[in-house]
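Working through the structure, step by step
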Amino acid sequence: MNIEEIKKILPHRDNMLLIDEAELIDGKAYGKKYITGDEFFLKGHFPEKPVVPGVILCEILAQSVCVCLKDGMKEGTLPFFTGLDKVKFKNPVQPGDTFETECEITKVREPFYFAKGVGRVNGKVCVTAEFSFAVTGK
């Protein structure tokens with residue numbers, strides 16, 4: 001999926017749409033974010049050695065897993081983050097990196113969805129997390 005296809009699933013726009021590509025393979029969502037160094041969140045984190053903030057990495061995972069819902073989201077609904085659990089940061093993500101995600105939904109209790117994901121750079125794990133979100137009306 002390209003950016004325009006992703007926008008049909010996610011409500012995020014401008015600086016907060018944090019995935020550049022995505023695909024769904026065998027029930028797993030795979031996403032990519034190209035870290036250019038121009039992102040708003042790098043300007044102050046940290047000026048001499050920019051590192052993608054952990055909360056942004058978690059948001060990228062959450063946006064990626066929404067690809068799993070591409071055929072099931074009803075019109076007028078939005079995905080809202082409801083929780084993060086067992087988050088582990090293992091390696092930094094920096095300008096020039098391609099941050100790749102692998103996420104899947106592990107349980108559904110509508111309107112709540114439970115998921116897990118891993119983010120990597122060059123095959124090296126940078127973050128793992130379990131998280132939940134709700135799909136509700138606007």
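Residues numbered from 1 in each chain as written. Predicted model: local features only at pLDDT ≥ 70, side-chain atom pairs only at ≥ 80, totals over all residues. Heavy atoms only, no water.

Overview of the nonpolar core
V52, V93, F99 and F131 are the most contacted members of the largest nonpolar core, which has 33 residues in total. Excluding anything up to four places from it in sequence, V93 contacts I35, V51, V52, L57, F99, V121 and C126. (Core = buried A, V, L, I, M, F, W, Y, C linked by side-chain atoms within 4.5 Å. Buried < 20%, exposed > 50% of the residue type's maximum accessible area, 1.4 Å probe, protein only. Contact = heavy atoms within 4.5 Å.)

Considerations on the side chain of S64
Note on placement: S64 falls in helix α2 (residues 54–65). Beyond its immediate sequence surroundings of up to four residues, S64 is in contact with I19, A29, G31, T101 and C103. (Helix = DSSP H or I, 4+ residues; strand = E, 2+ residues; numbered from the N terminus.)

A closer look at α2
When the terminal C-alpha atoms of α2 are compared, their 17 Å separation across 12 residues agrees well with the 16 Å that a helix rising 1.5 Å per residue should span. Among the 12 residues that make up α2, 10 are buried, leaving the element largely enclosed by the rest of the structure. Burial in α2 covers these residues: I56, L57, C58, E59, I60, L61, A62, Q63, S64 and V65. Contacts made by the buried residues of α2 are with β2 (28–34), β3 (77–89), β4 (98–109), β5 (112–121) and β6 (124–137). (Expected span 1.5 Å × (residues − 1).)

Quick notes on the environment of V87
Residue position: V87 is located in strand β3. You can call V87 partly exposed: its relative accessible area is 27%. The residues touching V87, leaving out its near neighbours within four places in the chain, are C58, V127, T128 and A129.

What to know about the side chain of T101
By secondary structure assignment, the location of T101 is in strand β4. When its relative accessible area of 3% is taken as the criterion, T101 is described as buried. Engagement of the side chain of T101 in a polar contact is seen with the side chain of S64, the distance being 2.8 Å. In contact with T101, not counting residues within four places along its chain, are A29, Y30, G31, I60, L61, S64, V118 and G119. (Polar contact = N/O pair within 3.5 Å; in protein donor to acceptor, adjacent residues only side chain to side chain.)

Notes on the sheet that holds β6
Two orientations exist for strands paired in a sheet by backbone hydrogen bonds: parallel and antiparallel. Spatial ordering of the open sheet is given by β1-β2-β4-β5-β6-β3, a layout of 6 strands whose pairing is antiparallel. For this open sheet the edge positions go to β1 (21–25) and β3, each flanked by a neighbour on one side alone. Across the sheet, the mean angle from the axis of one strand to that of its neighbour is 25°, orientation sign disregarded. The sheet contact formed by β5 and β6 spans 10 bridges and is antiparallel. Residue pairing for β6: K116 is matched across the bridge by E130. The strands touched by α2 within the sheet are β2, β3, β4, β5 and β6, with β4 carrying the most contacts at an inclination of about 60°. (Pairing = 2+ DSSP bridges. Axes fitted to C-alpha atoms, helices over the stretch in contact; angles between N-to-C directions.)

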